Number of protein chains: 4
Amino acid sequence: MIRVSIVNVTSYTGIELLRLLAQHPQFQVTSVTARSAVGKRLDEIFPQLHATLRPFETQTVDPALVITEEPEQTDLAFVCLPHAAAAEAVAKLLARGIKVVDLSADFRLHDVHTYEEWYKHTHPAPALLETAVYGLCERYRAEIKQTSLVANPGCNATTAILGLLPVFAAGLVKPDVIIDVKAGNSGAGRSPSLGTHYAEVNENVSAYGLSGHRHLPEVVQELELGARAGGHPLDAAPRITFLPHFMPMTRGILVTSYADLKQDASGRIPSDEDLRVLYTEYYANEPFVHVVEQSPQTKWTYGSNHCFIHPFVDNRTKRLIVISCLDNLMKGAAGQAVQNANILYGLPETAGLAALGLHP
Amino acid sequence: MIRVSIVNVTSYTGIELLRLLAQHPQFQVTSVTARSAVGKRLDEIFPQLHATLRPFETQTVDPALVITEEPEQTDLAFVCLPHAAAAEAVAKLLARGIKVVDLSADFRLHDVHTYEEWYKHTHPAPALLETAVYGLCERYRAEIKQTSLVANPGCNATTAILGLLPVFAAGLVKPDVIIDVKAGNSGAGRSPSLGTHYAEVNENVSAYGLSGHRHLPEVVQELELGARAGGHPLDAAPRITFLPHFMPMTRGILVTSYADLKQDASGRIPSDEDLRVLYTEYYANEPFVHVVEQSPQTKWTYGSNHCFIHPFVDNRTKRLIVISCLDNLMKGAAGQAVQNANILYGLPETAGLAALGLHP
Amino acid sequence: MIRVSIVNVTSYTGIELLRLLAQHPQFQVTSVTARSAVGKRLDEIFPQLHATLRPFETQTVDPALVITEEPEQTDLAFVCLPHAAAAEAVAKLLARGIKVVDLSADFRLHDVHTYEEWYKHTHPAPALLETAVYGLCERYRAEIKQTSLVANPGCNATTAILGLLPVFAAGLVKPDVIIDVKAGNSGAGRSPSLGTHYAEVNENVSAYGLSGHRHLPEVVQELELGARAGGHPLDAAPRITFLPHFMPMTRGILVTSYADLKQDASGRIPSDEDLRVLYTEYYANEPFVHVVEQSPQTKWTYGSNHCFIHPFVDNRTKRLIVISCLDNLMKGAAGQAVQNANILYGLPETAGLAALGLHP
Amino acid sequence: MIRVSIVNVTSYTGIELLRLLAQHPQFQVTSVTARSAVGKRLDEIFPQLHATLRPFETQTVDPALVITEEPEQTDLAFVCLPHAAAAEAVAKLLARGIKVVDLSADFRLHDVHTYEEWYKHTHPAPALLETAVYGLCERYRAEIKQTSLVANPGCNATTAILGLLPVFAAGLVKPDVIIDVKAGNSGAGRSPSLGTHYAEVNENVSAYGLSGHRHLPEVVQELELGARAGGHPLDAAPRITFLPHFMPMTRGILVTSYADLKQDASGRIPSDEDLRVLYTEYYANEPFVHVVEQSPQTKWTYGSNHCFIHPFVDNRTKRLIVISCLDNLMKGAAGQAVQNANILYGLPETAGLAALGLHP
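Everything numeric in this text was worked out from a predicted model, so none of it was measured. (Residues numbered from 1 in each chain as written. Chains lettered and ligands numbered in written order. Predicted model: local features only at pLDDT ≥ 70, side-chain atom pairs only at ≥ 80, totals over all residues. Heavy atoms only, no water.)

1. Comments concerning a positive patch on the surface
A cluster of basic side chains, namely K120 and R214 of chain C together with R316 and K318 of chain D, defines a positive patch on the protein surface. For R214 of chain C, the position within the fold is in the loop between β8 (206-207) and α9 (216-229). Residue R214 of chain C is classed as partly exposed on the basis of its relative accessible area of 31%. (Patch = residues over 30% accessible without salt bridge, like charges linked within 9 Å, V, L, I, M, F, W, Y side chains within 5 Å. Areas by Shrake-Rupley, 256 points an atom, 1.4 Å probe, with all protein chains shown as cover. Salt bridge = Lys/Arg side-chain N within 4 Å of Asp/Glu carboxyl O. Lys, Arg positive; Asp, Glu negative; His and termini not counted. Charge placed at Lys NZ, Arg CZ, Asp CG, Glu CD. Helix = DSSP H or I, 4+ residues; strand = E, 2+ residues; numbered from the N terminus. Buried < 20%, exposed > 50% of the residue type's maximum accessible area, 1.4 Å probe, protein only.)

2. Section: the sheet that holds strand β12 (residues 307-313) of chain D
Paired through backbone hydrogen bonds, the strands of a sheet run either parallel or antiparallel to each other. One open sheet holds the 7 strands; their spatial order is β8-β9-β7-β10-β13-β12-β11 (chain D), and the pairing between them is mixed. Single-partner strands in this sheet number two, and they are β8 (206-207) and β11 (289-291) of chain D. (Pairing = 2+ DSSP bridges.)

3. Points about the pattern of salt bridges
Inspection of every chain in the model, using the stated rule, returns 70 salt bridges over all chains. A salt bridge links D75 of chain C to R3 of chain C; the shortest N-O distance between them is 3.1 Å. Here the residue D75 of chain C occupies a position in the loop between α3 (50-53) and β3 (76-79), and R3 of chain C occupies one in strand β1 (residues 2-7), the gap between them amounting to 72 residues. Judged by its relative accessible area of 27%, D75 of chain C falls in the partly exposed class. In this structure, the salt-bridge partner of R239 of chain C is D176 of chain C, at a minimum N-O distance of 2.9 Å. In this pair, R239 of chain C is assigned in strand β9 (residues 239-246) and D176 of chain C in strand β7 (residues 173-183), connecting sequence segments 63 residues apart. What makes R239 of chain C partly exposed here is its relative accessible area of 24%. Residue class for D176 of chain C comes out partly exposed when judged on its relative accessible area of 29%. Within this structure, E16, R19, R251 and D327 of chain A form a network of salt bridges that share partners.

4. Considerations on the confidence of the model for chain A
Overall, the prediction assigns chain A a mean pLDDT of 95, with 98% of residues at 70 or greater. Interface confidence for the predicted complex, given as ipTM, is 0.96, next to a pTM of 0.97. (pLDDT = per-residue confidence, 0-100.)

5. Comments concerning the sheet that holds strand β11 (residues 289-291) of chain B
All names here are of chain B. A sheet is described by the order of its strands in space; here 7 strands give the open sequence β8-β9-β7-β10-β13-β12-β11, paired in mixed fashion. Among the strands making up the open sheet, the edge pair consists of β8 (206-207) and β11. Pairing geometry for strand β12 (residues 307-313) and strand β13 (residues 319-326), over 6 bridges, is antiparallel. Looking at β13, one finds that H310 is bridged to I323. Contacts from helix α9 (residues 272-282) reach β11, β12 and β13, with the element oriented near 150° to β12. (Contact = heavy atoms within 4.5 Å. Axes fitted to C-alpha atoms, helices over the stretch in contact; angles between N-to-C directions.)

6. Notes on the interface of chain C and chain D
Of the residues lining the interface, 50 residues belong to chain C; the matching set on chain D comes to 50 residues. On the chain C side of the interface with chain D, the three residues burying the most area are E203, L210 and R239 of chain C, jointly 16% of the side's total. Across the chain C-chain D interface, the total number found is 6 salt bridges. A salt bridge links K182 of chain D to D180 of chain C; the nearest nitrogen and oxygen atoms lie 2.8 Å apart. In the side of chain C that touches chain D, the residues fall into 21 nonpolar, 16 polar and 13 charged. (Buried area = accessible area lost by both parts, 1.4 Å probe. Nonpolar A, V, L, I, M, F, W, Y, C, P; charged D, E, K, R; others polar.)

7. A look at the interface of chain B and chain A
Contacts between the two partners involve 50 residues from chain B and, on the opposite side, 50 residues from chain A. Summing both partners gives a buried area of about 4,200 Å² for chain B against chain A, and 51% of it is carried by carbon and sulfur. The largest share of the area that chain B buries against chain A comes from E203, L210 and R239 of chain B, three residues that together contribute 16% of it. Remark: the boundary between chain B and chain A carries 6 salt bridges. Along the contact surface separating chain B from chain A lie 46 residue pairs in polar contact (both at pLDDT 80 or more). Broken down by secondary-structure element, the contributors of at least two residues to the side of chain B that touches chain A are β7 (173-183), α7 (198-201), β8, β9 (239-246), β10 (253-261), β12 and β13 of chain B. Its residues assigned to classes, the side of chain B that touches chain A shows 21 nonpolar, 16 polar and 13 charged. (Polar contact = N/O pair within 3.5 Å; in protein donor to acceptor, adjacent residues only side chain to side chain.)

8. A short note on the relation of the copies chain B and chain A
The two chain copies are connected by a rotation around an axis plus a translation along it. Superposition record for chain B on chain A: RMSD 0.0 Å, screw rotation 180°, translation along axis 0.0 Å. Such a combination of turn and shift is consistent with a two-fold rotation axis. Across chain B, the rotation axis passes nearest the C-alpha of P248 of chain B, at a separation of 3.2 Å. The overlap is high: 100% of the interface residues of chain B also sit at the interface in chain A, so the same surface is used on both sides. (Least-squares fit on C-alpha atoms with pLDDT ≥ 70 in both.)

9. A look at the relation of the copies chain C and chain D
Here chain C sits on chain D after a turn of 180° about the axis and a move of 0.0 Å along it, with an RMSD of 0.0 Å. When you check the interface residues of chain C against chain D, 100% turn up at the interface there too, and the contact is symmetric in its surfaces.

10. Quick word on the packing of aromatic side chains
In this structure the tally under the stated criterion is 28 aromatic pairs over all chains. The interplanar angle of 90° and the centroid separation of 6.5 Å between the aromatic rings of Y134 of chain A and Y140 of chain A together place this pair among those described as edge-to-face. Given a relative accessible area of 2%, Y134 of chain A falls into the buried group. On the numbers, 5.2 Å between centres and 75° between planes, the contact of W300 of chain C with F308 of chain C is edge-to-face. If you follow K99 of chain C out to its NZ or CZ, it ends over the ring of Y345 of chain C, 5.0 Å from the centre. The cationic tip of R251 of chain D hangs over the ring face of Y302 of chain D; the distance from NZ or CZ to the ring centre is 6.0 Å. (Phe/Tyr/Trp six-rings, centres within 6.5 Å; stacked < 30°, edge-to-face > 60°. Lys NZ or Arg CZ within 6 Å of the ring centre and 35° of its normal.)

11. Describing the packing of helix α6 (residues 155-169) of chain B against α9 of chain B
Residues and elements named next belong to chain B. Between α6 and α9, the least distance of the axes is 10 Å, while the angle of their chain directions is 105°. By the angle between their axes, α6 is roughly perpendicular relative to α9. Of the residues in α9, those touching α6 at G163, L164, L165, P166, V167 and A169 are L275, L278, Y279 and Y282. Considered class by class, the residues forming the contact of α6 with α9 number 9 nonpolar, 1 polar and no charged. (Parallel < 35°, antiparallel > 145°, perpendicular 65-115°, else oblique.)

12. Structural notes on unusual backbone geometry
With omega at 5°, the peptide bond leading from H359 of chain A into P360 of chain A counts as cis. With respect to the helices, strands and loops of the structure, P360 of chain A is situated in the segment after α10 (330-344). The backbone phi angle of A84 of chain D is positive, close to 75°, even though this residue is not glycine. Summarising the element assignment, A84 of chain D is placed in the loop between β3 (76-79) and α4 (85-95). Even without being glycine, K318 of chain D reaches a positive phi, approximately 60°. Tracing the backbone shows K318 of chain D in the loop between β12 and β13 (319-326).

13. Thoughts on the environment of D75 of chain D
When the C-alpha positions of D75 of chain D and L109 of chain D are compared, they lie 25 Å apart, and in sequence the two are 34 residues distant. The residues contacting D75 of chain D, other than those within four sequence positions of it, are M1, I2, R3, I98, K99 and Y345 of chain D.

14. Overview of helix α5 (residues 137-146) of chain B
Residue and element names in this part refer to chain B. Buried residues of α5: C137, E138, R139, Y140 and I144, and no others. Axial view of α5: buried residues confined to an arc of 140°, hence all on one face. Pointing more than 90 degrees away from the buried face of α5 are the exposed residues A142, K145 and Q146. (Arc of directions from axis to C-beta.)

15. Some remarks on the state of the cysteines
By the definition in use, this model includes 0 disulfides over all chains. Not engaged in a disulfide, the cysteine C155 of chain B finds its nearest cysteine sulfur in C307 of chain B; these two sulfurs lie 12 Å apart. The exposure class assigned to C155 of chain B is buried, which follows from its relative accessible area of 15%. For the unlinked cysteine C137 of chain D, the closest cysteine sulfur is that of C307 of chain D, found at 12 Å. By relative accessible area, which is 0% here, C137 of chain D ends up buried. (Disulfide = S-S within 2.5 Å.)

16. Re the pairing of strand β4 (residues 99-102) of chain A
Residues and elements named next belong to chain A. With 4 bridges joining them, strand β3 (residues 76-79) and β4 adopt parallel strand pairing. Residue pairing across strands places F78 opposite V101, the latter belonging to β4. In this region the chain leaves β3, passes through helix α3 (residues 85-95) and returns to the parallel neighbour β4; the handedness of that crossover is right-handed. The pairing of β4 with strand β6 (residues 149-151) spans 3 bridges and is parallel. Bridge pairing in β6 links V100 to L149. (Right-handed = clockwise from strand over helix to strand, strands pointing away.)

This is the structure:
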């Protein structure tokens, strides 16, 4: 068994990792940290883990595990800290020879200036940016295998990028895109605030991040790289509007992306069928990305690592619309983190991740 | 007191009209119809109306009123039937000398061909299209006063149009707009279906009407007319993408509209402040439309007739974004219907509509 | 106009009072306080109040009112502070000759020892307990008219007491009662915590207050007094189990009360019809309490001051079951507070409170 | 692999079985039926099953499987039909030598008269009642192993019975119990109705089944049998009030049971600690039933087969209160059905059921 630690296990991504790893055939959780709960047993914080004490097939999460302040020596660490704090912890872990999947934003952007512009502080470990690999599994499998530091992508960013990569790679779209994000409230984390207070969120929809959301630079970076990788590099930085909206629901992100399609030499723009073929081929071997012919629903992904994508042409304006959705805590966070860890260790990419979404 | 009837009172718009009229100083409900409940007392269907029996200040809804199949003679009728059935009922009511506020789509579109293209049936009363006035109060007060048939606007359409009228009237925007609609489930009406089944809707977000939503032609018609009225007629039909999404909530619509701003002669595009001034002036005397400087929330409008609008410039792309929101059953339906009825009878426009939204 | 102040206006009961008073014919809000928002205008905190600026029929809440630390001189104050802090503020207000409706628990219990046992601190103003009147309007109208200090009842307590008073007053029930409370989350207030965090509350039901909920002594006190007032004083303290459960909803309380009915001399226990008659007579002249023959729903009360009660006999066990429901922020808090204020000033008891609940 | 069929796969229990069986090591779904969808592929109805096409570890649900009207020959059938229709289908399946786990109520009650009194029709296959075993795994493992027909318990009944069995078996409680049920809406099934219409259910709590809920006779039967099995047979039929309430949530049941504890010879009633020991021993070897020391939440069980129970003594009245909760579609239906199937085939009881609940 591979020993793993979860740093900041009391975050929602930490809890979700516990849930996933409790079913994983190869990873054993041997260390968990959380500043606010040092000295407590896991099942004092999460009584539902009592269940894992019983003689199940696998026993990879021990509910009696005691929470510590610093992670003990393990083979791999999942870091669930906020940005800045994450980078500091990651540097120490790597120095101890521990591989890291970092769920924060600290190592996602290749350009340190962009990072500092958006995150408003000096990067704590800029030297590591070169070794870090952006953990979008569908794009960087080969690189992830070779690295010791995976920067797990943002939830909104993953949903948007997966929806737009095929047309950017194929050079079919003008780089002028509107990304309208509808995101469940668990993406805001487990720290209470007025913006996550039940009576405020329930029966309420609103936009946030109007002056700019931090997942935008990730999206820009990856669409540019995707276009280049597909042989259709962009002439200039893409013009992207990215606006997230809070939904009165716990889990799920649905992104609606709008862009103008390019005409080919004969003045023809791609049809629905062209798009279907393009997307299906692009994701042909992907276990977790599914191109569908109906309007997908966040509920199809509830608790699963799957992403559903439906591209189509708006029949009056001939604009491209792509609807993509996933579970923000799974393919948008902890699920993708486990997928990355599977790749890091040469395990089947779907190990521990085969569950379907809950319906209803 | 002005006598009013509610045709199809068991619809959600019918129930909402009861709630509003129970507080109205001038309208008395003297006739209610509903095919499925003929012969029953109102309070057998809606026990919460027991409350109106008591000696309150006003007594305009009698819970003991018996539901009939056809409306009795009144001064005014609110018609809450589905399209096609509505037009037939409206024709009969007008023939009896009863004024009508029709909440269906039957008289919203001036062009009968557009109607028939979108609603897929022959218009039952095309001759009435000329007398009908589109009941967007902020635009057509003068005309509403003179008519006997008001076509109450669609809920999604009202939200989108109010958000975009000022820039269309001022000629500040390219007529190429993306309207992303987030709509509460009560807009789908009171007839059960799998799409409105609780276990399917809860914790779920999805887009619908991908091949075209029927509120689009209303929006096109009104933005064209608004542009012309403002002295900036469009050269061609506007290119509008209109995509609604179902939200896991009962009430509320939030529309996010995206469009490119035009440059003026000096190459300058409007600023946030320019937009604020423009919108504030456009709606200066409106009791129910409020331009705000923060991101508005549907919850501000819960149960009220108010609409909140926040226009701003996306600071990276210089695109115009307008967020507008309202309660789909109020300013999006029954509230606006009462506002129209107030105008029809020369009453204060806010009569019976002064309530604030519930928070939380 | 009667001048009123709202102390701690940023609480949910404070906001609800603003909503109600904005429609009130006689009360004008001239002072508002909130420690965390001193110096801000009301509409900076609650943008939905923009709406009240407009030329509506009445103008009793000015959105430009500036929040202060201490209330200015008014005729009446609604105190929305937590217990202990409330008592201190109340004492000062009364000393300034200002009448008070206190929404905290500080003056609800007549016995200071009971208060101190349940609230775990010394009562800050025990001398005022004698002048305070428990503000359950249906019971204490006469006393409320004479006092300057009304102790507004707890939300869960109001729902339970209204459901049980008629049988206690009639001496029909054994004083051994189980009160199972289902309460919306807004009752927990506006201060964020893990227990009110959206992602924790949504899709979740749990019991709380297992070692004893503070509304229990109110219920005991009022059922004892109600029994005595009805001429059927209890021999001993009633044996009451009171267990609240959090519901995944914002507003509404539904209480299910279970008790054994007494047999009369002939060994007969009351029938459904007996109960219907008893309850209907007990609440015959009440504008806000309605005895119904169906299972009532919290949704009938959403945003209204009404309470619905359905008593019936469990047909197998012959046990009494009473279902009672109301909106915790209205009849359970701010609505009842306004009702009390109406009584204090000899206004019609329904002034400003005539609204029906929202449906849906 | 053991071949299984799902009869009426388009029900919520049918869908949940698909989700579970897609991860099961030994059962392969080779036949699915649904009257309304004959001839369609599974993934036309449930696009989320696309995911199971991919090369996952196991492949036990083929999304291309075509829905038929009658089940094909398999080793085992899960019957998800409504009562009456279920019994007819079960009789035919058994005649073909197919083992059956029936999720309907048709074979739960041993007494045909009780069945016919509650279900208001003649039992279609009374002869089978003798072979049927009530599928509460914790009670009837040995019998389930020997039978070919398992009657899967009702969701509310399972929650209540598991919560009360230990005290009935130990003879510690007076057989006079109040069972207050809080149940998620998915328990009402997938057929749309006004009672399951989103806008009606959301933000609403109400009691239903006031004249008697059909899970009551199951509860009575099993508590009587449990008492007898524990050596403390009841003198008379227990007096049980059973009242379910609909919660505004999709999944989850929480049952609060209230009963008086018996005194022992020395007049002592059991303490919290006595109860903890009793319950912990009673469920000592159970993989899915967990006795906890805090107030349990339905969310701990979301999507899992686990049941959490917290018994305690109300410290003022000395009454027993037991809170028990589970996921109505899992341990309350499909999960328990798979657990029963595992027992039928001598597989590890937890096969395919090891998942933890989703949190949040």
